[in-house]
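Read off the chains here:
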Amino acid sequence: MTNDTALITTLPLPPGQWLLDPFHSSVNFTVRHLGIAKVRGRFERLEAGLFVGERLEDVHVSATVDLASIDTGNADRDAHVRASDLLDVEKRPTMTYRSTRVSGEGEDWAMEGELTIGDVTRPVTFAVEFGGLVDVPMDGSRHAGFEATGEIRRSDFGLDFAPGLLGDVVKIQLDMQFVEPKAA
């Protein structure tokens, strides 16, 4: 059973606003193509923050992903996905996530929240693995690492283009590092 002290005793992160280390963080996805193979991709530009409070229910995560920064390893495909008949990044420039509840203990956590793409918001839960906390020898900063996995249905967000060509389920994998706030 998780209680208010689980964050301090199980996930030893000091309170404060943890900053994203963008050089060691990524938003990756997988979607089926023609139902037989997976297309993998990532988004190159993201912003995220982790606020750790004194109690578990005070922990909040927020993230914004620039949808135009999609990279599937094929420039022509990426340009097509950005276009108005598919993702339409002119109308939907970002994808945002706001956690509403974090629960768990040890290495295994769950993060419930709301994902917004364009003008559609849906609940999404991520399974979160706490990778640990380490001091970086070069500058003495402390980094916390997390992997989060979940999935969405494109159709839930009005992105139901190309049925049969692209699968409806998109699997998401987040690899995130956050830097501990500096002591005041």
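This text goes with the structure placed above it.
Residues numbered from 1 in each chain as written. Predicted model: local features only at pLDDT ≥ 70, side-chain atom pairs only at ≥ 80, totals over all residues. Heavy atoms only, no water.

Asker: How would you sum up the packing of aromatic side chains? Please name residues and give values.
Answerer: Two descriptors summarise a pair of aromatic rings, namely the distance from one centre to the other and the angle between the planes of the rings. If you walk through the whole model with that rule in mind, you get four aromatic pairs. Relative to Phe43, the ring of Phe29 lies with its centre 5.4 Å away and its plane at 40°, an arrangement referred to as tilted. Of this pair, Phe29 sits in strand E2 (residues 26-33) while Phe43 sits in strand E3 (residues 37-43), placing them 14 residues apart in sequence. Assessed through its relative accessible area of 11%, Phe29 is described here as buried. The interplanar angle of 65° and the centroid separation of 6.2 Å between the aromatic rings of Phe146 and Phe178 together place this pair among those described as edge-to-face. (Phe/Tyr/Trp six-rings, centres within 6.5 Å; stacked < 30°, edge-to-face > 60°. Helix = DSSP H or I, 4+ residues; strand = E, 2+ residues; numbered from the N terminus. Buried < 20%, exposed > 50% of the residue type's maximum accessible area, 1.4 Å probe, protein only.)

Asker: So what's going on with the pairing of strand E4 (residues 46-52)? Which residues, and what values?
Answerer: With five of seven residues buried, E4 lies mostly within the body of the structure. The pairing of strand E1 (residues 16-20) with E4 spans four bridges and is antiparallel. By the bridge assignment for E4, Gln17 is matched with Phe51. Bridge count for E4 against strand E5 (residues 60-66) is six bridges, and the pairing is antiparallel. Opposite Gly49, over in E5, you have Ser62 as the bridge partner. (Pairing = 2+ DSSP bridges.)

Asker: Residues and numbers for the layout of surface pockets, please.
Answerer: Looking at the largest pocket, its volume works out to about 550 Å³. Every residue lining the largest pocket is counted, 26 residues in all, and those nearest its centre are Phe29, Val31, Ile70, Val81 and Leu166. Elements with a minimum of two residues in the lining of the largest pocket: E2, E3, helix H2 (75-82) and strand E11 (166-179). In terms of residue count, E2 provides more of the lining of the largest pocket than any other element does, five residues in total. (1 Å grid on protein atoms, 1.4 Å probe; cavity = no way out; pocket = protein on both sides within 12 Å on 5 of 7 lines; lining within 4 Å. Points joined across faces, edges and corners; volume = space filled by probe spheres on them.)

Asker: Please set out the pattern of salt bridges residue by residue, giving values where relevant.
Answerer: Tallied over the entire structure, the rule returns eight salt bridges. Between Arg142 and Glu180 there is a salt bridge, and its shortest N-O distance comes to 3.8 Å. Here Glu180 lies in the segment after E11 and Arg142 lies in strand E10 (residues 142-153), a separation of 38 residues in the sequence. The class for Arg142 is partly exposed, based on a relative accessible area of 29%. (Salt bridge = Lys/Arg side-chain N within 4 Å of Asp/Glu carboxyl O.)

Asker: So what's going on with the environment of Arg98? Residues and values would help.
Answerer: The residue Arg98 is located in strand E7 (residues 94-105) in this model. Overall, Arg98 belongs to the partly exposed group, its relative accessible area being 43%. Along the backbone, Arg98 and Gly158 are 60 residues apart, and their C-alpha atoms lie at a distance of 20 Å. Leaving out residues up to four positions away in the same chain, Arg98 has contacts with Val61, Ser62, Ala63, Thr64, Gly113 and Glu114. (Contact = heavy atoms within 4.5 Å.)

Asker: Describe the nonpolar core, with residues and values.
Answerer: Counting 47 residues, the largest nonpolar core has Leu50 and Phe126 as the members making the most contacts within it. Those residues within four positions of Phe126 in sequence are excluded, and the remaining contacts are Tyr97, Trp109, Ala110, Met111, Ala148, Thr149, Gly150, Ile172 and Leu174. (Core = buried A, V, L, I, M, F, W, Y, C linked by side-chain atoms within 4.5 Å.)

Asker: Report on the side chain of Ser69, specifying residues and quantitative values.
Answerer: Locating Ser69 in the fold gives a position in the loop between E5 and strand E6 (70-71). With residues near it in sequence (within four places) discarded, Ser69 still touches Arg42, Phe43, Glu44 and Arg45.

Asker: So, empty space enclosed by the protein: which residues are in play, and what are the values?
Answerer: Under the definition given, this model contains one cavity of 30 Å³ or more. The computed volume of the largest cavity comes to approximately 420 Å³. The wall of the largest cavity is formed by 28 residues, among which Val61, Met111, Ala148, Leu174 and Met176 lie closest to the centre. Those elements that place two or more of their residues in the lining of the largest cavity are E4, E5, E7, strand E8 (108-117), strand E9 (120-135), E10 and E11. In terms of residue class, the lining of the largest cavity is built from 27 nonpolar, one polar and no charged. (Nonpolar A, V, L, I, M, F, W, Y, C, P; charged D, E, K, R; others polar.)

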